[in-house]
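One letter stands for each residue in the lines below.
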Amino acid sequence: MSNKLIVVVLDGLRYDVATETLGYMEHLAEKGQALRRAVLSELPSLSRPLYEVLLTGTPSYINGINTNGSIRLSDHKSLFHMTKEAGLTNATASYYWVSELYNRAPFHYLEDRIQLDTDKAIQNGMFYFEDTYPDSHLLIDGETLRQEVQPDFLYIHSMNIDDIGHKHGGRSGEYRDSVLRVDNILAELIPSWLQAGYQVVVTADHGMSEYGQHGGTTEEERKVPLYIISNKTRKGVQEVVLPQLPFASFMCELMQLNKAETMPKLPASWEELLMTGEEEKE
Ligand SMILES: [Zn+2]
């Protein structure tokens, strides 16, 4: 069974709109090809703090990345560090804040857009710095990295859903349109990723209020989707809400990697997503 993993983070995608709008992803869940759950984001429900949560498994009060203005390298080991330490190849197509957390801060627009340097925590990075950089291009940036460097861990992070949510609100037609567009691209990419032996995870950092905000504690701002396509996990839909902090630990589990010491132990709610040895034999 392959341990290779592609994680797609759709910035600002709230749970209800995801499940109402991601027709292809819901098809996979409905037909027993994917698992779908809800995740409750950590607080504050802001982008940079939650990138750090998703990638290191540490909460803001410990990692100190408390605002979108916390422009500095992370002090904690991320999934990029752990894959690199294990001798694996990692890659990302992400917003430039991800580069600032793990490769270099502040971001140098003229130098840091494409970073191919296996000595860095992120070994193969393509970073965009406009919130309107099209998700279509971003997802293909990720696909290009996959084809070029065959990473064991590929992290793809889009921004248009968040950007349009801020401009039009999380219940707007424009917001739904942006989600539909991503679903179409995923429907083209995911079959070839599975063909190439990857496990695929699709989630979001935080949601979006109907007023076009996030950062607070409402369900609209915190509740996000989680889709997993992997032979290691169960399939189908259950309306349970998982905590977000163990996400990085679970990604280590999917890649059969040691987790960082600062990543939490998997709680029962996450542990039970895994197939048991008996089920795998069936
Ligand atoms: Zn935002």
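Please refer to the structure higher up on the page.
Residues numbered from 1 in each chain as written. Predicted model: local features only at pLDDT ≥ 70, side-chain atom pairs only at ≥ 80, totals over all residues. Heavy atoms only, no water.

Draft legend 1. Region of interest: the side chain of Ser 178. Position of Ser 178 among the secondary structure elements: in helix H9 (residues 173–195). Assessed through its relative accessible area of 1%, Ser 178 is described here as buried. (Helix = DSSP H or I, 4+ residues; strand = E, 2+ residues; numbered from the N terminus. Buried < 20%, exposed > 50% of the residue type's maximum accessible area, 1.4 Å probe, protein only.)

Draft legend 2. Examining the pairing of strand S5 (residues 124–128) more closely. For S5, the tally of buried residues reaches five of five residues, placing the bulk of the element in the interior. Going residue by residue along S5, you find Asn 124, Met 126 and Tyr 128 tucked away on one face and Gly 125 and Phe 127 tucked away on the opposite face as well. Two elements, strand S4 (residues 114–116) and S5, share three bridges in a ladder whose sense is antiparallel. Looking across to S5, one finds that Gln 115 is bridged to Gly 125. (Pairing = 2+ DSSP bridges.)

Draft legend 3. Focus on the packing of helix H8 (residues 160–168) against H9. Running from N to C, H8 and H9 point in directions that differ by 170°, and their axes come no closer than 8 Å. Taken together, the axis directions place H8 and H9 in an arrangement best described as roughly antiparallel. Between H8 and H9, the residues in contact are Ile 161, Ile 164, Gly 165 and His 168 and Glu 174, Tyr 175, Ser 178, Val 179, Arg 181 and Val 182, respectively. Each residue belonging to the contact of H8 with H9 can be placed in one class, and the counts come to five nonpolar, three polar and two charged. (Axes fitted to C-alpha atoms, helices over the stretch in contact; angles between N-to-C directions. Parallel < 35°, antiparallel > 145°, perpendicular 65-115°, else oblique. Contact = heavy atoms within 4.5 Å. Nonpolar A, V, L, I, M, F, W, Y, C, P; charged D, E, K, R; others polar.)

Draft legend 4. Seen up close, unusual backbone geometry. Geometrically, the link from Leu 43 to Pro 44 is a cis peptide bond, its omega value of -10° lying close to zero. Of the consecutive residues Ala 105 and Pro 106, the connecting peptide bond is found in the cis state with omega at -5°. Take Pro 106: it is sitting in the loop between helix H6 (96–102) and S4. Its identity is not glycine, yet Gln 150 carries a phi of approximately 45°, on the positive side. Relative to the helices and strands, Gln 150 resides in the loop between helix H7 (135–149) and strand S6 (153–158). Non-glycine residue Gln 256 carries a positive phi angle of around 55°. Mapped onto the secondary structure, Gln 256 falls in the loop between helix H11 (247–255) and helix H12 (268–271). Residue classification places Gln 256 among the exposed positions, given a relative accessible area of 52%.

Draft legend 5. Just the coordination of the zinc ion, in detail. Looking at the metal site, the zinc ion is ligated by Asp 162 (OD), Asp 162 (OD), His 166 (NE2) and His 214 (NE2), spaced 2.0 to 2.4 Å from it. Considering all four donor atoms around the zinc ion, angles at the metal cover 57 to 153° and the coordination shape is irregular. Along the chain, the residues donating to the zinc ion are arranged with the sequence spacing D-x3-H-x47-H. Placement of Asp 162 in helix H8 and of His 214 in the loop between strand S7 (199–203) and helix H10 (219–222) is noted, with a sequence separation of 52 residues between them. Looking at Asp 162, the relative accessible area reads 4%, which means it is buried. (Donors = N, O, S within 2.8 Å, 3.2 Å for Na, K, Ca; no water. Tetrahedral: all angles 85-135°; square planar, octahedral: opposite > 155°, others 65-115°.)

Draft legend 6. A look at the packing of aromatic side chains. Summed over the entire model, instances satisfying the criterion amount to 18 aromatic pairs. For the ring pair Tyr 96 and Phe 107, a centre distance of 5.2 Å and an interplane angle of 55° mean the geometry is tilted. Note that Tyr 96 is positioned in helix H6 and Phe 107 in the loop between H6 and S4, a separation of 11 residues in sequence. This pair shows no difference in class: Tyr 96 is buried, exactly as Phe 107 is. Ring-pair connections join several aromatic residues into one group, and the members of that group are Tyr 51, Tyr 95, Tyr 96, Trp 97, Phe 107, Tyr 109, Phe 127, Tyr 128, Phe 129 and Tyr 133. Looking at Lys 4, its charged tip hangs above the ring of Tyr 198, at a distance of 4.4 Å from the centre. One residue, Arg 48, lies across the ring of Trp 97, its end atom 4.4 Å from the ring centre. (Phe/Tyr/Trp six-rings, centres within 6.5 Å; stacked < 30°, edge-to-face > 60°. Lys NZ or Arg CZ within 6 Å of the ring centre and 35° of its normal.)

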